[in-house]
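What the coordinates show
These are the residues of each chain, in order.
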Amino acid sequence: MSAADTNDVLGRLAISSTAILDRIDTRLPCPSCKKSVMYFCYYCHRVVGYDPSEIPCLSLPVQLDIIKHSREKDGKSTAIHAKLLAPAHTTIHAYPEHVPDYPVDGRTLLLFPGEDARSLTDIDAASFDRLVVVDGTWNQAKAMVRYSPVLSRLPRVMIRTEQTLFWRFQNLASDHLATIEAIYYFYREYHKAYATSSYAGEYDNLLYYFKFFYNRIQNEYRRTGKPFTRRYQGDYIKY
Ligand SMILES: [Zn+2]
């Protein structure tokens, strides 16, 4: 898949203008922790240099819990995008220290492939109300779901979309799962599986920062002539 194709995919989505981010050209001290950051603070989970009301605010139909590997570099993680864009429905927990002790009652699903992973069309919408997503490199993610006593026993859900997925070969960071894309596709598929209306871009703004960074990196590569990194990301979502 070429960069132009990816631009096409992102361009067709209903993503709000990122003009507010274009105005920021320098790092700024986070008002909470004083660290020098750009666009947002990874530690305090807040925007920096603009007001939260100036970016999209999404409502998610099921709570989103992100389990973030504590040794993962914050700067590579796209999980924080969900926290900033859907703050009322997103919680980030550090692995392994703060993994919640989810009961195994089927009401919490883990987004991860596996032989026993089901697709949403095989799951009753009323049977669950929380989605857990692991955030880290592919190897970290595999270890987390395998060795965590809590995560390893959660029922798994995976996305079986038929469409061409731009994220499989092109990511912001080549060795990191594009967590926000997996989250986006889950909620998009959720709508398609359970909503009575057809999908009209309700969750596209989950890719608000993703699109901004993607375009910025593409522009940088055009300017410097450096090729875009392509690397297979692993079967986070199978199709
Ligand atoms: Zn901070």
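Thresholds, definitions, all that
Residues numbered from 1 in each chain as written. Predicted model: local features only at pLDDT ≥ 70, side-chain atom pairs only at ≥ 80, totals over all residues. Heavy atoms only, no water. Donors = N, O, S within 2.8 Å, 3.2 Å for Na, K, Ca; no water. Tetrahedral: all angles 85-135°; square planar, octahedral: opposite > 155°, others 65-115°. Buried < 20%, exposed > 50% of the residue type's maximum accessible area, 1.4 Å probe, protein only. pLDDT = per-residue confidence, 0-100. Contact = heavy atoms within 4.5 Å. Core = buried A, V, L, I, M, F, W, Y, C linked by side-chain atoms within 4.5 Å. Helix = DSSP H or I, 4+ residues; strand = E, 2+ residues; numbered from the N terminus. Domains from an automatic or database assignment.

**Let's talk about the coordination of the zinc ion**
Six octahedral donors around a metal ideally subtend angles of 90 or 180 degrees, whereas four tetrahedral donors ideally subtend 109.5 degrees. Within the protein, the atoms that donate to the zinc ion are C30 (SG), C33 (SG), C41 (SG) and C44 (SG), at distances of 2.3 to 2.4 Å. Viewed at the metal, the 4 donor atoms of the zinc ion are separated by angles of 107 to 112°, and the geometry they form is tetrahedral. Counting gaps between the donor residues of the zinc ion yields the pattern C-x2-C-x7-C-x2-C. A residue is classified by how much of its surface remains accessible, and C33, at 27% relative accessible area, is partly exposed.

**Description of the confidence of the model for the protein**
Should pLDDT be low for a region, the predicted coordinates there are not to be read in detail. Across the protein, pLDDT averages 85, with 83% of residues at or above 70. Here residues 162–175 scores under 50 on pLDDT; set against residues more than four positions off or in separate chains, the count is 55 contacts. Per-residue pLDDT stays below 50 along residues 230–239; that stretch engages in 44 contacts with residues further than four places along the chain or on separate chains.

**Examining the nonpolar core**
Y50, L131, F186, Y187 and Y209 are the most contacted members of the largest nonpolar core, which totals 51 residues. Only α2 (19–22), β5 (63–69), α3 (79–85), β7 (108–111), β8 (130–135), α5 (179–194) and α6 (208–224) provide two or more residues apiece to this core. When residues of this core are sorted by domain, at least three fall in each of domain 1 (3–16 + 56–224) and domain 2 (18–55). Counting 15 residues, the second largest nonpolar core, distinct from the first, contains V99, L110, V132 and M144.

**Side note on unusual backbone geometry**
Each neighbour pair has its own omega, and for Y95 with P96 the value is 0°, a cis peptide bond. Within the fold, P96 resides in the loop between β6 (90–95) and β7. In this structure, Y39 is a non-glycine residue whose phi angle is positive, near 75°. With respect to the secondary-structure elements, Y39 resides in the loop between β2 (36–37) and β3 (40–41). Taking the relative accessible area as the measure of exposure, Y39 reaches 4% and is therefore buried. A positive phi angle, close to 55°, is found at H45, a residue other than glycine. Mapping H45 onto the fold places it in the loop between β3 and β4 (46–47). Judged by relative accessible area, which is 29%, H45 ranks as partly exposed.

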